[in-house]
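# Structural characterization, general
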Amino acid sequence: MTSQPSTPVTMVKPIVEIDGDEMARVMMHSIRENLVRWHVALDLLSFDLSVTNRDATQDAVTREAIDALLSAKVAVKCATITADRAKAREFGLRHLLPSPNATIRRRLGGVDFREPILAEGIVPLVRGWDQPIVIARHAHADQYLAQDLRVEEAGTASLVFQPATGGPTVVREIATFPSSGGVLLGMYNYIESIESFAKSCFEMALSRRMPVYLSTKSTVLQSYDGAFVEAFERVFAAGYHAAFAEAGLRYEHRLIDDVVAYSVRSRGGFIWACKNYDGDVQSDFVAQGFGSPGMMRAALVSSREGAMLFEAPHGTIPRHFRRHQRGLPTSSNPVASIFAWSGALRERGKQDGSEALRGVADAMEQATLDTIAAGTVTGDLAAIRNESDWATTDDFIAAVAQRVRGLLSARTQDPISSGSTT
Ligand SMILES: NC(=O)C1=CN([C@@H]2O[C@H](COP(=O)(O)OP(=O)(O)OC[C@H]3O[C@@H](n4cnc5c(N)ncnc54)[C@H](OP(=O)(O)O)[C@@H]3O)[C@@H](O)[C@H]2O)C=CC1
Ligand SMILES: O=C(O)CCC(=O)C(=O)O
Ligand SMILES: [Mn+2]
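The model shown is predicted, which means the values in this text are computed figures rather than measured ones.

Let us look at the side chain of His-138. With respect to the element layout, His-138 can be found in strand E7 (residues 133-138). On the basis of relative accessibility, which here comes to 0%, the residue His-138 falls in the buried class. His-138 has contacts with Gly-110, Asn-189, Ser-193, Ile-194, Phe-197, Phe-228, Cys-274, Lys-275 and Asn-276, leaving out every residue within four places of it along the chain.

Here's what the structure looks like:
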């Protein structure tokens, strides 16, 4: 740090900080200490959702974090390990707990909007893309709250629905298994949640002036995916048809294979409404196609109680963390994590009427883009530019920090652009 900190901005209400694992945790901490704390007197409600602490608390810490988020309304989340059997052995875990993301999203519901961060000097790997593709990922249920089962003997599996009113039970046979067994999956969603997903997508389309494409496989899953198609049509016809026509925008349902192909030959510039699993997968495809998994922002807009959660959509980057643990320099891209912090600060500023907090968020994002434009990039971006020179994660964060200080001190000295500090 070369210059003195400006007077830190004070916060009216706290941000819920949801901590996580491995390289993502290292980056989130470094951004908090070297970028954010320099300018903001942080008021954080912190919850340690590292895989070992979730195990030690039998996941109580996840439930506490969600309660805090529903009350404080704004959270920043670090990527967390979802332990499979191999990870459980590696960390000596006593329980095989569900994905904390699935648990959080089950309570919050809503939509996870994931958008690539476009930066000067980074040419997308998909050459035609010059406008962002915004993935609107339905954040509720499907595979993430499913029952999946392995059966090891011959038998019959059925879907059973028991009406709460006591009406006749509906039984649909799924399969008869041979003695070698097989696998089974039972998943669900709620019409109410799908309608709220549709509404959020149409609202986002109007605010961003982008068309919406919903992708499903309704030809195969006629009832399940058909319900998504019908809910979107219903919500569109009831509340958005006229506004879309006036704005010159379109809504269309298309089969997912068609949208995947279309996305590659398009210039971008649309909202891609995806079912939960499709959005998980396609957001990584879109992030990498624009440059890197480290170059995507994500905001989970809850359908309940106005809560918002900001995160980097990539994982904990274990391959890079192994290097970090051995004391070797790492060059994981911290941009998505910087934007997770800035997203939370901006939303906190918006909800609490703090121009100063929003100013810090803007400066963090501007400084990040300026740093990349000036040629300081991490290894992932250097690789797609065929450059052998790259910055370590620490060097990149330090370069951004220096620019943020420059931007904010210039604003403080300019009486027109400087706001209050609360
Ligand atoms: N939101 C969440 O909490 C999420 C958690 N996870 C969890 O993360 C763990 C690891 O998952 P994994 O499948 O390895 O996925 P990751 O996203 O962690 O990493 C996959 C690969 O993508 C590249 N990559 C990802 N992020 C960056 C970045 N910021 N900068 C540069 N390169 C990047 C790296 O490629 P290379 O090695 O080639 O450089 C990395 O090895 C799992 O336990 C999983 O459950 C996964 C996704 C989301
Ligand atoms: O919750 C998980 O295990 C994975 C989450 C994930 O991949 C995502 O949020 O994109
Ligand atoms: Mn994912």
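On to the UniProt feature "domain: Isopropylmalate dehydrogenase-like" (unreviewed entry) in the protein chain, then. The positions UniProt marks with the feature "domain: Isopropylmalate dehydrogenase-like" (unreviewed entry) are residues 14-400. Here residues 14-400 runs as 45% helix and 20% strand, with 24 Å between its end C-alpha atoms.

We now examine the packing of aromatic side chains. Tallied over the entire structure, the rule returns 17 aromatic pairs. Ring centres 6.0 Å apart and planes at 80 degrees place the aromatic pair Trp-129 and Phe-285 in the edge-to-face group. Here Trp-129 is found in the loop between strand E6 (111-116) and E7, whereas its partner Phe-285 is found in helix H10 (residues 276-290), with 156 residues between them in sequence. Overall, the relative accessible area of 28% leaves Phe-285 in the partly exposed class. Here Phe-202 and Tyr-240 contribute two aromatic rings whose centre-to-centre distance is 5.3 Å and whose plane-to-plane angle is 45 degrees, an arrangement assigned as tilted. Of this pair, Phe-202 sits in helix H6 (residues 191-208) while Tyr-240 sits in the loop between helix H7 (224-239) and helix H8 (241-247), and the two are 38 residues apart along the sequence. Linked through ring pairs, Phe-197, Phe-202, Phe-232, Phe-236, Tyr-240, Phe-244 and Tyr-251 together constitute an aromatic cluster. The ring of Phe-228 carries the charged tip of Lys-275 above its face, separated from the ring centre by 5.5 Å.

Scanning all chains against the criterion turns up 30 salt bridges. With a shortest N-O distance of 2.7 Å, Arg-32 and Glu-17 are connected by a salt bridge. With a gap of 15 residues between them, Arg-32 in helix H1 (residues 22-36) and Glu-17 in strand E2 (residues 15-19) connect regions that are remote in the sequence. What makes Arg-32 buried here is its relative accessible area of 13%. Between Arg-254 and Glu-252 there is a salt bridge; the shortest N-O distance is 3.2 Å. With relative accessibility at 27%, the residue Glu-252 sits in the partly exposed group. One salt-bridge network, held together by shared partners, links Glu-17, Arg-32, Glu-33 and Arg-37.

In a regular helix each residue adds 1.5 Å, so 18 residues correspond to 26 Å; H6 covers 26 Å between its end C-alpha atoms and thus fits that length. Of all the residues in H6, the buried ones are Ser-193, Ile-194, Phe-197, Ala-198, Ser-200, Cys-201, Phe-202, Met-204 and Ala-205. Immediately downstream of H6, the backbone of Arg-209 shows phi near 55 degrees, a positive value.

Rules used in this analysis
- The residue numbers shown here count from 1 along each chain, following its written sequence.
- Following the order in which they are written, the chains are lettered starting with A and the ligands numbered starting with 1.
- Whole-chain, interface and lining totals are the exception, using all residues; otherwise, since this is a predicted model, local features are given only for residues with pLDDT of at least 70 and side-chain atom pairs are given and counted only at 80 or more.
- Only hydrogens and water are removed before side-chain values are computed, so all heavy atoms of the structure are retained for them.
- Numbering of helices and strands runs from the N terminus; a helix is a DSSP stretch of H or I covering at least four residues, while a strand is a stretch of E covering at least two.
- A 1.4 Å probe rolled over the protein chains alone gives each residue an accessible area, and that area as a share of the maximum for its type sets the label: buried under 20%, exposed over 50%, partly exposed in between.
- Contacts between residues were defined by any pair of non-hydrogen atoms, one from each residue, lying within 4.5 Å.
- UniProt positions are given in the numbering used here, feature names are shortened, and annotations may be inferred rather than shown by experiment.
- A pair of Phe, Tyr and Trp rings is counted when the ring centres sit within 6.5 Å of each other, with Trp represented by its six-membered ring. The angle between the planes then sorts it: under 30 degrees is stacked, over 60 is edge-to-face, the rest tilted.
- Over a ring means this: the NZ of a Lys or the CZ of an Arg is within 6 Å of the ring centre and within 35 degrees of the ring normal.
- The term salt bridge refers to a side-chain nitrogen of Lys or Arg lying within 4 Å of a carboxyl oxygen of Asp or Glu.
- Expected helix span is taken as 1.5 Å per residue step, with the number of steps being one fewer than the number of residues.

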